[in-house]
Every structure is written in structure tokens, then in C-alpha cells.
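An overview of the molecular structure
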Amino acid sequence: MASDNIEAGRLAAEALAKVNPKARVVILHHSVNKACIDRVDGFKRAISQHPEITILDTQEGKGTTEGGRPVMRDLMGRFPDVDAAFPINDPCALGAISAIESAGKPGKVTVVTVDGSREAVAVIKAGKLHSSSAQFPRQIGRAAAETIYEHLAGKPVPNDIKIPVKLITRENADEFLQSL
Amino acid sequence: MPDDGRSDRPLLSLRIARGLALRFNEGRPIAVPESQEVFLALGNARVLGIVPVLVMVAAFVVTAVLLHRTRFGQHLYAIGGNREAARYTGIPIARNVIAVYVACSLLAGIAGMIHASQLYSAEPGSGQNFELIAIAAVVVGGTSFAGGVGTMPGTFLGAIIIGILDKGLNQAGVHFSLQYIVRGLVILSAAYLDVQRRSQRQ
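As the structure is a computational prediction, the values presented were derived from the model and not from experiment.

About the thresholds
- Residues numbered from 1 in each chain as written.
- Chains lettered and ligands numbered in written order.
- Predicted model: local features only at pLDDT ≥ 70, side-chain atom pairs only at ≥ 80, totals over all residues.
- Helix = DSSP H or I, 4+ residues; strand = E, 2+ residues; numbered from the N terminus.
- Rg over C-alpha atoms; globule rule 2.2 N^0.38 Å.
- Buried ≥ 20, exposed ≤ 12 C-beta atoms within 10 Å, placed from the backbone.
- Contact = placed C-beta atoms within 7 Å.
- Pairing = 2+ DSSP bridges.
- Right-handed = clockwise from strand over helix to strand, strands pointing away.
- Arc of directions from axis to C-beta.
- Axes fitted to C-alpha atoms, helices over the stretch in contact; angles between N-to-C directions.
- Nonpolar A, V, L, I, M, F, W, Y, C, P; charged D, E, K, R; others polar.
- Domains from an automatic or database assignment.

A count of helical and extended segments in chain A gives 7 helices and 8 strands. On C-alpha atoms alone, chain A measures out to a radius of gyration of 17 Å, which is about the 16 Å that the 2.2 N^0.38 rule sets for 180 residues. Burial status across chain A gives 49% buried among its 180 residues. Considering only contacts in chain A between residues 6 or more positions apart, those separated by 24 or more positions represent 76%.

Okay, here's the thing in C-alpha cells:
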């Protein structure tokens, strides 16, 4: 029972391709986490359909704000022409954005990520984060409880259930916040 | 550190403080609003230089004067070198040790404020394992695990070496798993040199 993380990565990649079709992108991974591995797989698979986009490097952002900031800072030092980033979750994206701001490049690096937290949606509305492929933890919880009931009632249940994700951008940010 | 049953106390209070941080605001991060200009300037502004760097230099100057130019500093070396001998010469141990913990907590508090300012958010899980980075910088800078040896200029160099190492490994695009190994080996070599120095003295 989890979000469809491959789809979340794909949505992020397509969102990036739409606004920045020749992006030079870095990935801030959290490579010890299965969900994040799926996100990066989905992202890379979708990017491979856009030959004009270059993935410069994948580094470890640890999936945290404080992990993302120094890694993004140093990636910008290594690749002065980097103009996009895919941190694998909202906290890491917030760290990357603080690095982008402190490097004096606000608005010059398209950031796409996965999660859909309130904090990140506020940053989407402020125009600093392009999009977040939102997960729906309540649906995950509800589906998990329902599946357990069915299992206890002796009914067959699927081995793997994927909960859909949805791309949140500036256009639907308010609507998304109200639905929370 | 000599095994006097005291060395584990900071680690215990660290765990308690972590628990308190998680209780506060139900464990959620707090975003720093843009209107908090002074707080945000602490980590991000440039006034005659990068503000956090200026704060660090000021902290080093003040602590260097305290450690190397005052009687308080001499007492700390004496206590670190040989607690029993220091006690017999009439140095108030408890008062000095408490003063060190207070100074350390004050500096950690300042570092935490800079950290939250740079990240635009205060997170309860923040600063995980930062104490190990601090210990690494101090040991690489020549401070002895046995106590009583170490200088502020040495620690300054140690901090710069650890900082350059981190940034250098990132800039060179070294895979993160290898980065852990390199950092561990550097600290191991510093600790090994410390043991060598100590056995030469004896």
C-alpha cells in the first residue's frame, strides 16, 4: 500500500519538460528509500522520452531540507548552467530552493518534486517551486484499513495497491489546499 | 575522554532535548515568515561579508581569548588534563564544567538559529549527527580525546578542513557512499595521530 511513486516521478518529469523543454537537470536522491527509488525511476524513464533534456548528475539529498541545501549549493558550483532540479520530496525541495536563493538565482532553476505538503504548496504559490506530485495520505490510510477488513473477512486482497498521485502547480494550488 | 562516568551525559541530554523538540508544535516544521527580516538576515545576509561567517569568526575570537588569555581558560586545561590534580590545587571543578556546558549550549543555540534562518524553516529533526561533525572538526584540529590538549586556532583549521572536504567531495561529484568512507577515514587518521602523540609523551 503506497502512492504510485513511479507515476509521481513521471508527472514531475512531464511538468518539467513542459516549462523547460531543454532543461539541464540535477536529481537530489534519497537512494536508501524504495519510494524514492521508484520516483527517480519514473522520472528518468519519462525524461528519456525528451532527448533535449540532460540529466547532469544524481546526488544524495537525504530527503531532508538540511540535506538538500548543501548538495544543491555544490551542484550549482559544479554546473553553473544547471537550470532545473528534481529533489525527490518536499523537504529536500525546500532545502534546494534555499540554496538557489542564496546563490542569487531565484527563478532561474525550475524545481519539481513529489509530496504535496502544505509547506511546499505555499512555496508553489509564491512561485519558487514549480510543482509537486501530491500524495494522498488519507486515501492511503483509508484504503489500508478497508483492505485489512476485507482480509480479516477472508476475502482475497491484492498484494500491492497503488494510490494515485496528482500534479499540483500554481493553477490548482488553492483548490488542492481546500481539499486537504 | 577518561571514563569517569560523565562522558555520556551530554548524549543523554541530547536525546531529551530531541524529544522536547518533537513535542513542541506536534513535531511539525515551522516555516520562517518572510516578514522576519532580522532572523532571516542572520543566515543569509551579506553585510561587510557573509553574516554567518562573521558570527563564526566572532565566536572563535571570543572563545580563543577566553581559553588562551584568561584564568578561566587555564583552569579548563587543568581540569581536562587531570581532574584530580586540578581539584587539589583548589580549582572549583563543578562551576567551571557547568560554565563550559552553558557556553557550549549558547553556541549551539546560535548555530541552530543560523541553520533555521538558512533553511527558512525550523525542523524538530534538524541537525541530526551535527555533533559528530563538530567532534570531527575539533579532533582534526588537534584536540585530544584524553582532554587537556587543543587550541582554538587548531579547531578553526579543523573546521575549515572538514568544510573543504565536504564541499570538495560534492564538487568533485564523488558518490555519496564514498564520501562517508572518506570522511570516516580522515577522522580515523586524526584520532590515530592523537593516540600516537599521547604515547610519545608518556
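For the rest of this paragraph, the subject is the pairing of strand β2 (residues 24-29) of chain A. Residues and elements named next belong to chain A. Among the 6 residues of β2, 5 are classified as buried, and the element is accordingly described as predominantly covered. Of the pairings in the sheet, the one linking β2 to strand β3 (residues 54-60) comprises 6 bridges and is parallel in character. Its bridge partner lying in β3, I27 is registered against T58. Running through helix α2 (residues 34-47), the crossover from β2 to the neighbouring parallel element β3 is right-handed. Two strands pair when backbone bridges link them, and β2 and strand β4 (residues 84-87) are joined in this way by 4 bridges, in the parallel orientation. Across the sheet, V26 pairs through a bridge with A85, a residue of β4.

The next thing to look at is helix α4 (residues 71-81) of chain B. Among the residues of α4 of chain B, those classed as buried are L76, I79 and G80 of chain B. Here the buried residues of α4 of chain B occupy an arc of 95° about the axis, which is enough to place them on one side.

This part covers the environment of A122 of chain B. Residue and element names in this part refer to chain B. On the secondary structure map, A122 appears in strand β2 (residues 121-122). C-alpha of A122 to C-alpha of R28: the two residues are 94 residues apart in sequence and 8.9 Å apart in space. When near neighbours in sequence (up to four residues on either side) are disregarded, A122 contacts P29, I30, V32 and A116.

Turning our eyes to something else, we now look at the environment of P164 of chain A. Residues and elements named next belong to chain A. Checked against the element boundaries, P164 lands in the loop between β7 (162-163) and β8 (166-168). Take P164: there are 12 C-beta atoms within 10 Å of it, and that puts it in the exposed class. Along the sequence, P164 and A8 sit 156 residues apart, while their C-alpha atoms lie 8.5 Å from each other.

It is worth spelling out the sheet that holds β4 of chain A at this point. All names here are of chain A. Judged by pairing direction, the sheet is mixed, and its 6 strands sit side by side in the order β3-β2-β4-β5-β6-β8 without closing on themselves. The open sheet is flanked by β3 and β8, the only strands paired with a single partner. For this sheet the average axis-to-axis angle between neighbouring strands, irrespective of direction, equals 20°. Note: strand β5 (residues 110-115) against strand β6 (residues 131-134), 4 bridges, orientation parallel. Across the sheet, D115 pairs through a bridge with A134, a residue of β6. Most of the contacts of helix α1 (residues 5-19) go to β5, to which it runs at about 160°, and overall it touches β2, β4, β5, β6 and β8.

Below, the discussion takes up the interface of chain A and chain B. If you look at the interface, chain A gives 15 residues, while chain B gives 15 residues. Sorting the residues of the side of chain A that touches chain B by element identifies β3, α3 (65-78) and α4 (90-102) of chain A as the ones contributing at least two each. Counting residues per element, the side of chain A that touches chain B draws most heavily on α3 of chain A, at 7 residues. Here the residues of the side of chain A that touches chain B sort into 2 nonpolar, 6 polar and 7 charged.

A few words on the domain arrangement of chain B. Residues and elements named next belong to chain B. What the domain assignment reports for chain B is domain 1 (1-128) and domain 2 (129-202). One C-alpha centre belongs to domain 1, the other to domain 2; they are set 19 Å apart. If you list the elements that add at least two residues to the side of domain 1 that touches domain 2, you get α3 (51-69) and α4. Within the side of domain 1 that touches domain 2, the residues separate by chemical class into 7 nonpolar, 6 polar and no charged.

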